[in-house]
Amino acid sequence: MMAKSKSPDKEKKRRQRGANGEGGISQRKDGTWEARMTVTDPITGERKRYSYYGKTRIEARDKLIKAQRDLQTGKFVTPNRGKFGDWLTTWLAKYKKMKIADSTFALYKYVADKHILPSISTIPLQKLETKDVQTVLNNMQTAGKSSRLVHLAYQVINGALKQAVKEGKVFRNVCDAVELPKLTYKEIVPLTKEQAGTFLEAAKKDKYFPAYLLELSSGLRRGELLALRWCDIDLDKGALQVKQTLSRVVKPEGDRKTQLMFNTPKTKKSQRVIKIPTGTVNVLKAYQLASGNRDKPEALVFSNKAGGPLDPRAFTKRYERLLIESGLPKTSFHALRHTVAVLLIQAGEKVKNVQDLLGHEKYSTTMDIYASYVPDDEKEKTAENLNAILKDIM
């Protein structure tokens, strides 16, 4: 019986599939080319076929060769056409929302929606390059955004890509090669000792005078001050504990755009105990009695008429009106926190103690902000101590 002869076209296609050990390469009906590669999962043993397409045979072959090389070197990732924007949205919703404070999540989402997604959301995740991320950050700098906001945008992109690497969606994190701007802080504008006294004198007529006095006695963040409950303050021992913060955050759903929300402090350093001066304790005792909250430990120390939280922005406007009445320059409420730190440092307090009081996570943060206020004689002492040490070891 005679063997059935093969058609020339089939024989040509067979030779093309086996040429140069390239794997399966064939031309499709629409004239484009398809290169195929079968990969065995090392864990499950499951065999999967992957296809790479090109307008020419060479283009398809080159894609196949790259995939084979990646497979040999451990760089192979399953081809995926998913967009970076979709992955970032997924990462925020599934990996971050339940792990971080609502206020932090709102900030992450704001940065993503405002500065990241408009530029790179449509780029396929596996085709995202370092230059794409660098462009986002550079554009933010050009637009005059603060270095802290630029660093936050990087943090969001970097976090999403780190998770993508863990899940094998991409081989490497392109953020590793990004150049970040130096983290800088706005020049602080603290009150002088005389200005602080003028402010407190004017604030005595305000119903929230105890709040301003406590602020200048502790250096609390605004959100920490307004979140204090009476159970957080031990008036007998003259100490308070920072256990929660108050902030206005963007609502993920609903008619109202924002809402006030209590959260736990972000870091362990923020969850601190602060000793209160005796004079401030006495004012707080009188304020507690006058407000009728002596037997209400869960009541907010500083609240609105209904007993609810004070809106931080409204509270700041109240503070700004007092500045105007005092004839003092307009500054942010945060300036009172800076005032506490600067006055302490100028009085010779150790920067490390100021760091603990303010709840900074890193000593370097405190030094970066307040180094210029360290008295010259303290710097001289440091130089003298170093000189003595060098004499002993040389």
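Just above sits the structure.
Residue positions are given per chain, counting from 1 as you read along its sequence in written order. Totals for whole chains, interfaces and linings use all residues, but because this is a predicted model, local features are given only for residues with pLDDT of at least 70 and pairs of side-chain atoms are given and counted only at 80 or more. For the side-chain quantities, the full set of heavy atoms in the structure was used; hydrogens and water were omitted.

Caption draft 1: Spatial organisation of helix α13 (residues 351–358). Note on exposure labels: buried denotes an accessible area under 20% of the residue type's maximum, exposed denotes more than 50%, and partly exposed covers the range between, all computed with a 1.4 Å probe on protein chains only. Helical segments are the DSSP runs of H or I of at least four residues, strand segments are the runs of E of at least two, and each set is numbered from the N terminus. Buried within α13 we find V351, V354, Q355, L357 and L358. Across the axial projection of α13, the buried residues extend over an arc of 165°, all falling on one side. Contacts are assigned to residue pairs that have any heavy atoms within 4.5 Å of one another. Where α13 is buried, its residues contact α8 (209–218), β8 (273–275), α12 (334–346) and α14 (363–370). Positioned one or two residues after α13, G359 has a phi angle of 80°, which is positive. This arc corresponds to the set of directions leading from the helix axis out to the C-beta atoms.

Caption draft 2: Structural detail: the environment of L323. For L323, the position within the fold is in helix α11 (residues 312–326). Ignoring sequence-local partners within four residues, the contact set of L323 consists of F199, L328, P329, K330 and T331.

Caption draft 3: The arrangement of the nonpolar core in detail. Here the nonpolar core consists of buried residues drawn from Ala, Val, Leu, Ile, Met, Phe, Trp, Tyr and Cys, with membership extended through side-chain atoms lying within 4.5 Å. Core analysis: the biggest nonpolar cluster contains 41 residues, and F199, Y212, L225, L240, F302 and F315 have the highest contact counts within it. Here this core gets six residues from one element, more than from any other, and that element is α8. Residues contacting F199, with those up to four places away along its chain left out, are L191, Y212, L216, Y319, L322, L323, S326, L328 and L336. One finds I100, A112, I116 and C175 within the second-largest nonpolar core, a separate group that totals 34 residues.

Caption draft 4: Representation of the pairing of strand β2 (residues 33–40) within the structure. By the criterion of burial, β2 is predominantly enclosed, with six of the eight residues buried. When DSSP locates at least two bridges between a pair of strands, those strands are taken to pair. In this sheet, β2 lies alongside strand β1 (residues 24–27) in antiparallel orientation, the contact comprising four bridges. In the strand pairing of β2, G24 is matched with R36. Remark: five residues form the turn of the hairpin made by β1 and β2, two consecutive strands paired antiparallel; G31 in that turn has positive phi of roughly 95°.

Caption draft 5: Just the environment of A101, in detail. Checked against the element boundaries, A101 lands in the loop between α3 (84–96) and α4 (102–120). Taking C-alpha positions, A101 is 7.3 Å from T264, a pair spaced 163 residues apart along the chain.

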